[in-house]
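Residue-level structural notes
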Amino acid sequence: MPAPRLRTVAAHPVLLRRLVLLLAVGVWELAARAHGSVYFPPPDRIGRQVHELWFDGPARHLFLSPAAVDDILPSLGRMAAGFALAAVAGIVLGVAVGRSRRTYALANPVLQFARAVPPPALVPVFVVVFAFGTPMQIASIAFSAVWPVLINTAAGVRNTDPLRLDVAAVLRLNTAERLWFLVLPSALPRVFAGLRLSLSLSLILMVFSELLPGTANGIGFTLTEAQTRSDLLTVWAALVLLGALGHLLNTGLLAVEKRLIGRERAT
């Protein structure tokens, strides 16, 4: 590639990222075909498997096959419910903790301890409380994904500019107005940092919860079934699907963050 064209590509980060992705897929394709192992299929076979399993349905159903309705939609529903609960609880509790320096000092050791507990270690507790099933899965996702949102929200609230708080006091803003017009906009970057971490964690926990007994559908269940049947192509297809879902969800959240934070900075 000539030097001017290289400089043009380097000047456009999106083009550069796509070029790197295409190169990585191309190297994977060549290496897989050269190796010829059943454990390491090439990307074109994995892509065809993904299409045949989940995206060969009619256009009126958004090309989703019956298997996609059984596998993808239940998983996304569990993850969305757990992530929504974690986001709401984390923001509300984070604001309450971050508003008081004494409350933050008292609660911070507990928060750090709870965040450090590995989610799989809590499975026996949730099984006793909820038994196997969707409520246990949603509860495990929400409980483990809430900590990044809570801790980042509390830190963002604590870092609100004191001068702006003094101005709010001079203007005689009440507590609700201070939270809505001052504290939350100031904490928004840290809140979204916690939400991105929570979203990634929710996807991981969703898959883990579907590996447990009592699950009859979902991507994690499909992954376990394929592993039991030694259907390695389906295993790879499920892994690629999870990676694509994680990328799409993170891209959507970044778009929302850019819109909201950009709007707040503009005002």
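Residues numbered from 1 in each chain as written. Predicted model: local features only at pLDDT ≥ 70, side-chain atom pairs only at ≥ 80, totals over all residues. Heavy atoms only, no water.

A separate point is helix H5 (residues 101-116). Look at H5: 22 Å from first C-alpha to last across 16 residues, which is about the 22 Å you get at 1.5 Å a residue. Of all the bends in H5, the largest measures some 40° and sits at Ala107, one to four residues before the proline Pro109. On the buried face of H5, the contacting elements are helix H4 (66-98) and helix H7 (134-158). (Helix = DSSP H or I, 4+ residues; strand = E, 2+ residues; numbered from the N terminus. Expected span 1.5 Å × (residues − 1). Bend = angle between axes of the 7 residues up to and from the residue. Contact = heavy atoms within 4.5 Å.)

So, on to the packing of H4 against H7. Between H4 and H7, the least distance of the axes is 6 Å, while the angle of their chain directions is 35°. The interaxial crossing formed by H4 with H7 has right-handed handedness. Class assignment of the residues belonging to the contact of H4 with H7 gives a composition of 20 nonpolar, seven polar and two charged. (Axes fitted to C-alpha atoms, helices over the stretch in contact; angles between N-to-C directions. Left-handed = near helix turned anticlockwise from the far one by under 90°. Nonpolar A, V, L, I, M, F, W, Y, C, P; charged D, E, K, R; others polar.)

A few words now on the pattern of salt bridges. Evaluated as defined, the whole model comprises six salt bridges. Between Asp44 and Arg48 there is a salt bridge, with the nearest N and O atoms lying 3.3 Å from each other. Of this pair, Asp44 and Arg48 both sit in helix H3 (residues 43-54), four residues apart, which is roughly one turn of that helix. Here Glu257 ties to Arg196 by a salt bridge, and the two come within 2.4 Å at their closest N and O atoms. Of this pair, Glu257 sits in helix H11 (residues 232-266) while Arg196 sits in helix H9 (residues 175-210), and the two are 61 residues apart along the sequence. You can call Glu257 buried: its relative accessible area is 13%. Taking relative accessible area as the criterion, Arg196 reaches 25% and is therefore assigned partly exposed. Overlapping salt bridges, with partners in common, bring together Glu29, Arg33, Asp44 and Arg48 in one network. (Salt bridge = Lys/Arg side-chain N within 4 Å of Asp/Glu carboxyl O. Buried < 20%, exposed > 50% of the residue type's maximum accessible area, 1.4 Å probe, protein only.)

Geometry only, nothing functional implied.
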